Amino acid sequence: MARKTARESILQEKTVKSPKVKVRSDKRFQVLKNASVISVILVVAICIVFNLIVDLLLDTKLTFDTTSVKQNSITSLSESYLKELDKKVEIIGLFDKNDTSIEWRDYFLPILDDYEAKADGMIELKYIDPDVDPFILTQIDPYNVYNLQKYTYVVKCGDLLVSVDPYTCFEYDSDFLYYYGVYKPVGNQIENTFTGYIRYVTSGRPLHAYYLQGHDLPSHSSLDNILLSLGMVSSELSIGSDSAKIPDDCEMLIILNPKSDISITEKEVIKSYIDNSGKVLLVNDFDKESAVEFTNLNEVTQRMGVTLEKGIIHENDISYLYSASDPYTSIATVYEKYAQSVGLQLNLYVENCRYLKVNTDLAEGVYVSPLVITSGSASVDFQNAQIDAAVSAGTYPVILMSVDASNQSNPACMIVIGSSAFTSDAYYSTKTLNDNNAVFIRRMIGDICQISIEKTIPTKTIPSYALSKPLSSSSATMWSVIVMTIIPLGCLICGVYVYRRRRHL
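The structure contained in this document is the topic of the report that follows. Keep in mind it's a predicted model, so treat the numbers as computed, not measured.

About the thresholds
- Residues numbered from 1 in each chain as written.
- Predicted model: local features only at pLDDT ≥ 70, side-chain atom pairs only at ≥ 80, totals over all residues.
- Heavy atoms only, no water.
- Helix = DSSP H or I, 4+ residues; strand = E, 2+ residues; numbered from the N terminus.
- Buried < 20%, exposed > 50% of the residue type's maximum accessible area, 1.4 Å probe, protein only.
- Contact = heavy atoms within 4.5 Å.
- Areas by Shrake-Rupley, 256 points an atom, 1.4 Å probe, with all protein chains shown as cover.
- Salt bridge = Lys/Arg side-chain N within 4 Å of Asp/Glu carboxyl O.
- Patch = residues over 30% accessible without salt bridge, like charges linked within 9 Å, V, L, I, M, F, W, Y side chains within 5 Å.
- Phe/Tyr/Trp six-rings, centres within 6.5 Å; stacked < 30°, edge-to-face > 60°.
- Pairing = 2+ DSSP bridges.
- Right-handed = clockwise from strand over helix to strand, strands pointing away.

### Some points on the overall build of the protein
(1) Moving on: In terms of regular secondary structure, the protein is built from 14 helices and 20 strands.
(2) Moving on: Of all 505 residues assigned to the protein, the portion counted as buried reaches 44%.
(3) Moving on: Look at the contacts in the protein between residues 6 or more apart in sequence, and 72% of them connect residues 24 or more apart.
(4) Moving on: For the protein, the exposed surface amounts to about 27700 Å²; the carbon and sulfur share of it is 54%.

This is the structure:
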């Protein structure tokens with residue numbers, strides 16, 4: 001038998017299997033893994049629960065207004081009004097609160113939430129969509145007196161209510177509107193509007209001013225805001241019919257820069273109102289391009305000792321000129337005696353001021369005094385080169401106050417303003433309610449109507465012309481999700497990745 005070679009012997013040998021060795025795992029890795037996962041889950045759960053608790057209990061107290069002009073919060077002046085409320089006020093938004101297509105929505109929701117939060121339960125804020133609840137308009141206004149519409153607010157106390165059109169709560173660039181027909185907001189009057197309406201509906205003496213309708217009545221949103229800052233609401237009034245009369249709740253009748261003479265019927269109604277201790281604010285500047293004869297209106301003013309002349313004030317003192325090239329645009333001052341009585345000594349802007357003549361044959365009990373005057377070097381330019389021999393260079397009135405003290409307990413009063421700069425939307429389009437003209441006329445109206453005067457609520461300027469929205473509720477929710485969910489989840493993923501990498505070291 002042949003001997004096997006060594007190689008053949010090795011190839012024919014069976015492979016010997018090595019016995020299985022049981023490797024003992026380190027339980028520390030499993031414990032570490034479980035602890036990491038459980039810890040992250042607990043942290044996320046605690047954060048979510050904590051967020052819910054804080055949101056339910058401290059939501060309003062932990063809300064911060066980071067806008068540059070505090071558009072989402074009320075001022076201390078409004079807070080002081082709210083603390084004095086002794087009647088409950090409802091603020092009702094007639095639209096779906098969650099409708100993000102409403103362009104002004106995010107301006108109103110946060111600041112009205114602030115009203116409710118700081119009123120100690122005296123303000124109830126709610127939102128009801130008339131499309132969802134069609135009977136809400138009838139419930140609020142059973143007799144359709146106020147013609148309530150969707151996309152408006154209602155401020156209500158008892159049976160007294162007012163409707164708020166959100167678009168009237170902004171100031172717009174009048175030049176841009178004139179040239180391009182586009183409304184570009186430059187100021188936010190939301191707080192002034194709502195605080196004024198809250199004062200109105202809770203007042204034991206509701207104050208109402210009426211504008212004489214017709215005669216090319218100009219827009220008057222700026223004057224409306226000045227009146228609202230005094231707690232006085234306004235509306236337009238037609239008195240052209242034979243049965244017309246001034247309503248009993250009229251605190252002041254405003255005849256705002258008419259472009260045509262009033263009718264005989266209107267004249268008689270207004271004179272009757274004055275005879276019954278009425279208060280009239282008349283603004284009538286001089287339109288160099290118009291030759292309107294205010295025959296009937298002059299009969300009303302002459303009843304109170306003033307005549308509207310067809311002349312324009314020409315300022316000759318260069319130090320009083322607003323523009324060196326325009327003698328009809330000037331700076332006027334408060335008459336010294338009136339400045340002392342009201343504590344206001346201001347420089348006021350005047351343009352196209354009509355010559356207001358004080359009559360010499362005043363009726364018994366009628367007294368006329370200037371409130372605002374020109375420099376001592378002013379003169380009068382008459383239309384059609386007419387000359388009044390009694391007129392020479394000197395001081396002329398810009399605003400006159402006429403009082404009929406026949407009824408000493410409740411005297412009639414007429415204020416005649418020769419320049420529309422005190423009431424014009426065009427003038428206030430680049431100003432605020434803290435402008436000197438606005439401060440003066442507000443103080444003057446408050447003085448005449450015996451309304452206590454506090455500081456004004458400032459206009460909150462809008463940084464850009466667009467209605468740039470502050471942080472919306474949806475944006476806030478998105479950031480909450482990022483902070484409370486996505487970031488912790490990212491941490492969890494990083495933790496698992498680090499664990500797996502470390503496990504194989």
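### Structural notes on the pattern of salt bridges
(1) Moving on: Using the criterion set out here, one finds 12 salt bridges in the structure.
(2) Moving on: The closest approach of N and O atoms between Lys 150 and Asp 131, which form a salt bridge, is 2.5 Å. Taken together, the positions of Lys 150 in the loop between helix 5 (136-140) and strand 3 (153-157) and Asp 131 in the loop between strand 2 (123-127) and helix 5 put the pair 19 residues apart, joining distant regions of the chain.
(3) Moving on: For Lys 150, a relative accessible area of 24% corresponds to the partly exposed category.
(4) Moving on: A salt bridge links Glu 293 to Lys 310; the nearest nitrogen and oxygen atoms lie 3.0 Å apart. With a gap of 17 residues between them, Glu 293 in the loop between strand 10 (279-283) and helix 10 (295-303) and Lys 310 in strand 11 (residues 306-314) connect regions that are remote in the sequence.
(5) Moving on: Take Lys 310: its relative accessible area is 19%, and that puts it in the buried class.
(6) Moving on: Residues joined in a network through salt bridges with shared partners are Glu 79, Asp 114 and Lys 118.

### Focus on a nonpolar patch on the surface
(1) Moving on: Residues Tyr 178, Tyr 179, Tyr 180 and Val 182 make up a contiguous nonpolar surface patch of about 550 Å² in total accessible area.
(2) Moving on: Note on placement: Tyr 179 falls in helix 6 (residues 174-180).
(3) Moving on: Given the relative accessible area of 60%, Tyr 179 is considered exposed.

### Examining the packing of aromatic side chains
Each aromatic ring pair is described using two quantities: the centre-to-centre distance and the angle formed by the ring planes.
(1) Moving on: Across all of its chains, the model carries 18 aromatic pairs by this definition.
(2) Moving on: Ring centres of Phe 95 and Tyr 153 lie 5.4 Å apart, and the angle between their planes is 85°; on these two criteria the pair is classed as edge-to-face. Of the two residues, Phe 95 sits in the loop between strand 1 (89-93) and helix 4 (105-117) while Tyr 153 sits in strand 3, which places them 58 residues apart along the sequence. For the pair Phe 95 and Tyr 153, a shared accessibility class is recorded, and that class is buried.
(3) Moving on: Between Tyr 127 and Tyr 153, the ring centres sit 6.1 Å apart and the planes meet at 75°, which makes this aromatic pair edge-to-face. With Tyr 127 in strand 2 and Tyr 153 in strand 3, the pair connects residues that are 26 residues apart, well separated along the chain. Each member of the pair, Tyr 127 as well as Tyr 153, carries the same accessibility label: buried.

### Some thoughts on the pairing of strand 1
(1) Moving on: Strand 1 sits mainly inside the fold: 4 of its 5 residues count as buried.
(2) Moving on: Both strand 1 and strand 2 contribute to a ladder of 5 bridges, which runs parallel. Bridged to Glu 90 within strand 2 is Glu 124.
(3) Moving on: Each parallel crossover has a hand, and the one from strand 1 via helix 4 to strand 2 is right-handed.
(4) Moving on: Of the strand pairs in this sheet, strand 1 and strand 3 are connected by 4 bridges, and their pairing is antiparallel. The residue of strand 3 that forms the bridge with Glu 90 is Lys 156.

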